[in-house]
Amino acid sequence: MVSRIDRKQVVDTALRLLNEVGLDGLTLRGIAKELNVQAPALYWHFKNKQELLDEMATEMVRRMAGRLEGGGSGARPQAGPWQEMLRDSCRTVRRELLAYRDGGKVFSGTRMTDGTAVGPLNSLMTCLTEAGFTLDAAARAWWTAYNFTVGVVIEDQSVHPVPGHREIRDPAYDQPERERRIGPDYPLAALAGREMFGDLERAFEAGLRIIVAGIEATAGPEVRG
């Protein structure tokens, strides 16, 4: 019997269990059972599920932090145009969140419990301001691209709920059935679903190009491409 647990054990177990049961099925009682302890033992570390989710999201950031900073131990992203840096950062966030079932929902709206995210954010701001962005414009650019990415992940995981199995789709997103059901009255809305719920990898990349192009178009002449 496990006689002693720490926060890291709880979080690691919660992230593993998340992939099995999803966010709605994740409970402190279920985590305690996995750890072979009584549920009250977890309350020494987390007062409620939201505190646990905050720590789970922070652990996700810890695991992706090095990749957000260019895949190495330095404090700067890899050299290159700011556009590619921004795209690569969004791709990293998307890839990391897709590794967890309901990862986008867990991550969205949670509070970081330590300063792990500060280093990558500072690196991104440094790259953008050195390219000619004001700090306000740099923060707005990243915030816009980041929120787009997390939102797309949430939608993606509604269509493909099982991490690593893109062949599995939620039946609610059966496109032929959707077209049959709404097509007669709303033909354009029916066909739009092919883009919205079809190849989500391609749709993400297309949307990312739109976001970056919009940032570039509004950034001003002092920003270097």
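As annotated in an unreviewed UniProt entry, the protein chain is TetR family transcriptional regulator from Streptomyces tubercidicus.

A. Up close: the layout of surface pockets. Space inside the largest pocket adds up to approximately 500 Å³. Looking at the largest pocket, it is lined by 24 residues, and the ones nearest its centre are Phe 107, Ala 117, Trp 142, Trp 143 and Tyr 146. Of all the secondary-structure elements, those providing two or more residues to the lining of the largest pocket are α3 (49–68), α6 (118–130) and α7 (135–159). In terms of residue count, α7 provides more of the lining of the largest pocket than any other element does, seven residues in total. Residues belonging to the lining of the largest pocket are distributed by class as follows: 17 nonpolar, six polar and one charged. For the second largest pocket, the calculated volume is near 210 Å³. Contributing to the lining of the second largest pocket are Phe 148, Val 152, Glu 155, Asp 156, Glu 195, Met 196, Phe 197, Leu 200, Ala 203, Phe 204, Ala 206 and Gly 207.

Rules used throughout
Residues numbered from 1 in each chain as written. Predicted model: local features only at pLDDT ≥ 70, side-chain atom pairs only at ≥ 80, totals over all residues. Heavy atoms only, no water. 1 Å grid on protein atoms, 1.4 Å probe; cavity = no way out; pocket = protein on both sides within 12 Å on 5 of 7 lines; lining within 4 Å. Points joined across faces, edges and corners; volume = space filled by probe spheres on them. Helix = DSSP H or I, 4+ residues; strand = E, 2+ residues; numbered from the N terminus. Nonpolar A, V, L, I, M, F, W, Y, C, P; charged D, E, K, R; others polar.

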